[in-house]
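Per-entry structural report
Chain by chain, the residues:
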Amino acid sequence: MKSRKVQFGPFAYDFVSGEGSLDALPGWLADKPYDRFVLIADTGIPDWIVARTKAVFAAVAPADVLRFAPGESCKNLTTVQELAEQTIALGADRRTAIVALGGGVTGNVAGIVAGLLFRGLPLLHIPTTLMAASDSVLSLKQAVNLQAGKNLAGFYYTPQLVCVELSFLEALPAREVRAGMCELVKNLLTIKPGHIPALQPLLRTDNVYSAEELQTFIDFCIDAKTAVMRDDPYEKKEALVLEYGHTIGHALELVSDGEFVHGECVAFGMRCAARIARRIGLLAPAEVEQHDRLIDAIGVDIRPSAELLPGIEAYMKKDNKRGYRQAESGKTALILLSGLGELARDGEAYVTLVDNKLILEVIEEQLVATKSAVMGT
């Protein structure tokens with residue numbers, strides 16, 4: 001089991017990972033003032049994971065489990081309110097800890113519940129996906145969706161602990177692992193391209209990795225995110241590079257209504273962002289090709305239907321990065337690279353305004369006339 005402290009500015013929390021790390025939790029909890037645990041998990045989390053996790057916490061103090069329907073459509077304030085009411089009904093007080101058991105959606109929903117109740121209850125993360133373990137829990141951001149767009153309602157809130165039980169990740173279907181690997185590829189392209197020679201040979205299209213390899217990937221992502229968030233914990237300056245591929249990716253994720261998972265959409269967004277940057281002279285052809293090599297290496301090749309283009313355009317206009325600079329008619333703010341590992345700057349701005357016509361032309365080049373089948377598991 002590995003243990004380390006994650007530090008983002010003045011905010012820090014414990015991060016433990018490895019096979020058997022969950023069973024070591026009672027030792028970590030022994031001197032904590034928690035006298036009840038409320039585990040929040042969506043109904044897509046396997047029962048054996050829920051039962052095993054509950055048993056660990058129940059050995060320390062009373063533990064209850066609340067479930068909610070999975071998916072982005074339930075990542076909203078209605079779900080938050082329902083879970084908050086149920087938590088109070090269980091007898092929660094200021095000594096209750098909220099445990100987020102699941103992927104990124106669960107982590108955000110539980111994070112909002114924890115931050116709101118009693119103006120802040122302790123938040124513990126038990127991520128069950130590689131995406132959550134290597135990306136979403138490595139942040140202070142907690143947010144849910146509104147009808148207008150993704151992650152528009154939220155705040156910053158620091159967890160007390162992240163515990164990654166690698167046996168949970170080893171049991172994931174290939175598509176779920178692949179989704180997490182998309183964020184690893186993002187970190188290679190945007191923050192630490194010097195690690196490409198070492199990590200690219202480890203990438204496989206079948207996305208079957210050993211516990212040791214998964215640990216290597218998680219450690220790399222912690223180091224990468226810490227590098228840009230150390231002095232930018234709220235991700236408003238240099239750490240905005242972590243949103244690379246997300247403006248287009250989030251729009252595709254919402255408009256496709258679950259056909260594509262988050263990581264696949266981010267990969268699509270990165271392909272588009274690289275080509276946009278090439279068209280405006282920020283990236284060289286070889287750098288665009290490096291994007292494709294890494295994304296291809298993990299087996300992501302989605303081709304959404306051209307029918308989705310109007311919806312993608314509409315959601316891009318509601319992206320949560322609006323306002324980082326003065327808006328200009330007919331343009332959208334994107335996170336772009338001016339070289340591998342180099343966030344493109346436009347004066348003092350960390351986002352680049354790009355003509356919508358160009359953005360839509362590039363996106364359309366990556367679409368197909370009819371809906372493609374989603375990659376199998």
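Above this text you will find the structure in question.
Note that the structure is predicted; figures quoted are calculated from it, not measured. (Residues numbered from 1 in each chain as written. Predicted model: local features only at pLDDT ≥ 70, side-chain atom pairs only at ≥ 80, totals over all residues. Heavy atoms only, no water.)

Observations regarding the layout of surface pockets
The cut-off we apply is this: In this analysis, the protein atoms alone were mapped onto a 1 Å grid. Cavities are point sets where a 1.4 Å probe fits without being able to get out; pockets are open sets with protein on both sides within 12 Å along at least five of seven lines; lining residues have an atom within 4 Å of a point. Grid points are joined across faces, edges and corners, and a volume is the space filled by probe spheres set on the points. Throughout this entry, Asp, Glu, Lys and Arg are counted as charged residues, while Ala, Val, Leu, Ile, Met, Phe, Trp, Tyr, Cys and Pro are counted as nonpolar. The remaining residues, Gly among them, count as polar.
Here the second largest pocket defines a volume of roughly 250 Å³. For the second largest pocket, the lining is made up of 17 residues, of which Arg322, Ala327, Lys331, Thr332 and Ala333 are closest to its centre. Broken down by class, the residue content of the lining of the second largest pocket amounts to five nonpolar, five polar and seven charged.

Brief notes about the environment of Met181
Just so we agree on the cut-off: Every helix listed is a DSSP run of H or I at least four residues long, and every strand listed is a run of E at least two residues long, numbered separately from the N terminus.
Take Met181: it is sitting in helix α7 (residues 174-190). Residues Met181 and Gln81, 100 residues apart in the sequence, show an inter-C-alpha distance of 32 Å.

Some details on the packing of aromatic side chains
Here is the rule we go by: Each aromatic pair joins two rings of Phe, Tyr and Trp (for Trp, the six-membered one) with centres within 6.5 Å, and gets the label stacked for planes under 30 degrees apart, edge-to-face for over 60, and tilted for any other angle. The cut-offs for exposure are 20% and 50% of the maximum accessible area for each residue type, with area from a 1.4 Å probe on protein chains only; residues under the lower value are buried, those over the upper are exposed, and the others partly exposed. In this scheme, the term charge over a ring applies when either NZ of a lysine or CZ of an arginine sits within 6 Å of the ring centre and within 35 degrees of the ring normal.
On inspection of all chains with the given rule, the structure shows eight aromatic pairs. Between Trp48 and Phe168, the aromatic rings sit 5.6 Å apart at their centres with planes inclined by 80 degrees, giving edge-to-face as the arrangement. Taken as a pair, Trp48 in helix α2 (residues 47-58) and Phe168 in helix α6 (residues 166-170) lie far apart in primary sequence, 120 residues in all. Owing to a relative accessible area of 44%, Trp48 belongs among the partly exposed residues under this scheme. Residue Phe168 is classed as buried on the basis of its relative accessible area, which comes to 1%. Arranged with centres 5.0 Å apart and planes meeting at 90 degrees, the rings of Tyr209 and Phe217 form a pair that is edge-to-face. When sorted by exposure, Tyr209 lands in the same class as Phe217, which is buried. Among the aromatic residues, those joined into a ring-pair cluster are Phe11, Tyr156 and Tyr234. Over the ring of Trp28 we find Lys32; its NZ or CZ atom is 4.0 Å from the centre of that ring. One residue, Arg345, lies across the ring of Tyr350, its end atom 4.0 Å from the ring centre.

So, the nonpolar core
Which entries qualify depends on this criterion: We define a nonpolar core as any set of buried Ala, Val, Leu, Ile, Met, Phe, Trp, Tyr and Cys residues linked to one another through side-chain atoms lying within 4.5 Å.
Ranked by internal contacts, the top residues of the largest apolar core, which has 84 residues, are Phe15, Leu138, Leu169, Met181, Ile218, Ile276 and Ile363. Of all hydrophobic cores here, the second largest spans 24 residues; its members include Val16, Leu25, Ala41 and Ile49.

Points about the sheet that holds strand β3 (residues 36-42)
Adjacent strands of a sheet form backbone hydrogen bonds with each other and so pair up, either parallel or antiparallel. Stated formally: When DSSP locates at least two bridges between a pair of strands, those strands are taken to pair. Whenever a helix is involved, its axis is fitted only over the stretch in contact; in every case the axis is a line through C-alpha atoms, and angles between N-to-C directions fall within 0 to 180 degrees. Here, residues are in contact when the closest pair of their heavy atoms is within 4.5 Å.
Strands sit in the order β1-β2-β9-β6-β5-β3-β4 across an open sheet of seven strands; the sheet is mixed. Lying at the two open borders of the sheet, with one neighbouring strand each, are β1 (2-8) and β4 (63-68). The average angle at which neighbouring strand axes cross in this sheet is 20 degrees, direction not considered. Inspection of the sheet shows strand β2 (residues 11-18) paired to strand β9 (residues 161-165) by five bridges, in the parallel sense. Considered in β9, the bridge of Phe15 is made with Val162. Those strands touched by α2 are β3, β4, β5 (96-102), β6 (123-127) and β9, and its axis lies near 150 degrees from that of β4. Seen against the sheet, helix α4 (residues 104-116) touches β3, β4, β5 and β6 and runs at an angle of roughly 165 degrees to β5.

Brief notes about helix α9 (residues 211-229)
Condition: Between the first and last residue of a helix there are one fewer steps than residues, each counted as 1.5 Å, and that sum is the expected span.
Between its terminal C-alpha atoms α9 stretches 27 Å, which fits the 27 Å expected from 19 residues at 1.5 Å a residue. Burial of α9 is extensive: 15 of the 19 residues sit out of reach of the surface.

Considerations on the pattern of salt bridges
Note the threshold: Here, a salt bridge means any side-chain nitrogen of Lys or Arg that lies within 4 Å of a carboxyl oxygen of Asp or Glu.
Evaluation of the coordinates by the stated rule reveals 28 salt bridges. Here Arg4 and Asp223 are joined by a salt bridge, their closest N and O atoms 2.8 Å apart. One end of the pair, Arg4, is in strand β1; the other, Asp223, is in helix α9, and 219 residues separate them in sequence. When its relative accessible area of 35% is taken as the criterion, Asp223 is described as partly exposed. The salt bridge partner of Glu253 is Lys150, with a shortest N-O separation of 3.5 Å. Here the residue Glu253 occupies a position in helix α10 (residues 246-255), and Lys150 occupies one in strand β8 (residues 149-156), the gap between them amounting to 103 residues. Since its relative accessible area comes to 7%, Glu253 is described here as buried.

Some thoughts on empty space enclosed by the protein
Summed over all chains, the structure comprises five cavities of 30 Å³ or more. Lining the largest cavity are Gly149, Lys150, Thr247, His250, Ala251, Leu254, Tyr315, Lys318, Asp319 and Asn320. Secondary structure elements with two or more residues in the lining of the largest cavity: β8 and α10. With four residues, the top contributor of residues to the lining of the largest cavity is α10.

Section: helix α12 (residues 285-297)
Taking 1.5 Å of rise per residue, 13 residues should cover 18 Å, and α12 covers 18 Å from first to last C-alpha, within 8% of that figure. Taken as a whole, α12 has its buried residues at Val288, Gln290, His291, Asp292, Leu294, Ile295 and Ala297. On its buried side, α12 packs onto α7, α8 (196-199), α11 (262-279) and β11 (337-339). With its phi angle positive at about 80 degrees, Gly299 sits one or two positions after the end of α12.

Some details on the packing of α11 against α12
As a reminder, the rule being used: Throughout, the term roughly parallel applies to angles under 35 degrees, roughly antiparallel to angles over 145, roughly perpendicular to angles from 65 to 115, and oblique to all others.
Two numbers describe how α11 lies on α12: the axes approach to 9 Å, and their chain directions differ by 170 degrees. Overall, the two elements α11 and α12 adopt an arrangement that is roughly antiparallel. Of the residues in α12, those in contact with Ala267, Met270, Arg271, Ala274, Arg275 and Arg278 of α11 are Pro285, Val288, His291, Asp292, Ile295 and Asp296. Residue composition of the contact of α11 with α12, grouped by class: six nonpolar, one polar and five charged.

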